[in-house]
Amino acid sequence: MKIAREFYQRSSLEVARDLLGLVIVHQTEEGITKGKIVEVEAYMGTLDAAAHSFKNTRSPRTEVQYGEGGYAYIYLIYGMYYCMNIVTNIIDKPEVVLLRALEPMEGIELMKQRRKTDKLNNLCSGPGKLCSAMGINKSSYGVDLCGTQLYLETPEIRESIETIASKRINIDYAGEAKDYLWRFTIKDSKFISVKR
DNA sequence: CGGAAGATTTCT
DNA sequence: GAAATCTTCCGA
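A quick note: this is a predicted structure, and the numbers were derived from the prediction, not measured.

### Focus on the protein's contact with DNA strand B
Part 1 of the argument: Neighbouring residues of DNA strand B: 21 residues in total, closest N85, R115, G128, N170 and Y173.
Part 2 of the argument: Between DNA strand B and K129, the relevant distance is 3.0 Å, taken from a phosphate oxygen to a main-chain nitrogen or oxygen of the residue.
Part 3 of the argument: Contributions of two or more residues to the surface near DNA strand B are made by β3 (72–77), β4 (81–88), β5 (95–106) and α4 (127–134).

Pasting the structure below:
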């Protein structure tokens, strides 16, 4: 079942935890790909020194964060890789959740082709990798996740999930915010990004 | 308008 | 351990 708007209209921390185990779906001309979310990070907007919208720095890039929850926030990092975020909360609360790793479920051949590797646990184990595998790029910026092209759904079989909280990755510049336990992973998943 | 740095990945 | 590579942001 497709996830509805209300799901996204809460704080990033709540949404981030609940995202684990859900399935992200992307329909493209090349085909459909699906992956189970196994690793995310919450970014808490104006209060969070690691967030792009820290101190209300509104700009063309962060604009979509200021709208209501349930839209895609996508940006290019290091001039090479895209990162997929989900906008959460209500209007004028610029919070997002970064998707960091997926467990490939459907369209795996297409993922292998896009990523140029055959190793299952190397297809989506990082924010840049999963965007590459799913075929996500700048053209999906601002897309409505309650639409038909790019959206989330509940898995057909609901397994019980054990969640682990840890420090976020590669935000050493963020002062004390770098120690917040706002990264969430599924315990024992083989598909999370490796380093800590 | 110029320069620096980045929510990463890959190769050596 | 360092390169690849370019958009975005900030200061002048």
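### So, the packing of helix α3 (residues 108–115) against α4
Part 1 of the argument: Where α3 contacts α4, the axes come no closer than 7 Å and their chain directions differ by 120 degrees. For the pair α3 and α4, the sense of crossing is right-handed. Of α4, the residues touching α3 (which contributes M111, R114 and R115) are K129, S132, A133 and M134.

### Some details on the nonpolar core
Generally speaking, soluble globular proteins have nonpolar side chains that are buried together.
Part 1 of the argument: By size, the foremost hydrophobic cluster in this structure holds 39 residues, and its most contacted members are L19, V40, M84 and L99.
Part 2 of the argument: Those residues in contact with V40 that sit more than four places away from it in its chain are A16, L19, L20, V97, L98, L99, R100, W182, R183 and F184.
Part 3 of the argument: Counting residues in each nonpolar core, the second largest holds 13 residues, with V64, L98, I171 and A174 among its members.

### Brief notes about the protein's contact with DNA strand C
Part 1 of the argument: What surrounds DNA strand C is the set T57, S59, R61, L76, Y78, G79, M80 and K138.
Part 2 of the argument: Per the 4 Å cut-off to the protein, sugar and phosphate atoms form 64% of the nearby atoms of DNA strand C.
Part 3 of the argument: The contact in question runs from a phosphate oxygen of DNA strand C to an N or O atom on the side chain of S59, over 2.4 Å.
Part 4 of the argument: In this structure, a base oxygen belonging to DNA strand C sits 2.6 Å away from a main-chain N or O atom of Y78.
Part 5 of the argument: Tallied by class, residues from the surface near DNA strand C come to three nonpolar, three polar and two charged.

### Remarks on the pattern of salt bridges
Opposite charge on two side chains lets them pair, provided their charged atoms get close.
Part 1 of the argument: Per the stated rule, a full pass over the model turns up 18 salt bridges.
Part 2 of the argument: Put simply, R5 and E68 hold a salt bridge, and the shortest N to O gap is 3.8 Å. Remark: E68 occurs in the loop between β2 (32–43) and β3 and R5 occurs in helix α1 (residues 5–8); sequence separation between them is 63 residues.
Part 3 of the argument: Under the relative-accessibility criterion, R5 is labelled buried at 16%.
Part 4 of the argument: Through salt bridges with shared partners, one network takes in E39, E41, R100 and R183.

Reading the values: rules and limits
- Residues numbered from 1 in each chain as written.
- Chains lettered and ligands numbered in written order.
- Predicted model: local features only at pLDDT ≥ 70, side-chain atom pairs only at ≥ 80, totals over all residues.
- Heavy atoms only, no water.
- Near = heavy atom within 4 Å.
- Polar contact = N/O pair within 3.5 Å; in protein donor to acceptor, adjacent residues only side chain to side chain.
- Helix = DSSP H or I, 4+ residues; strand = E, 2+ residues; numbered from the N terminus.
- Axes fitted to C-alpha atoms, helices over the stretch in contact; angles between N-to-C directions.
- Left-handed = near helix turned anticlockwise from the far one by under 90°.
- Contact = heavy atoms within 4.5 Å.
- Core = buried A, V, L, I, M, F, W, Y, C linked by side-chain atoms within 4.5 Å.
- Buried < 20%, exposed > 50% of the residue type's maximum accessible area, 1.4 Å probe, protein only.
- Nonpolar A, V, L, I, M, F, W, Y, C, P; charged D, E, K, R; others polar.
- Salt bridge = Lys/Arg side-chain N within 4 Å of Asp/Glu carboxyl O.

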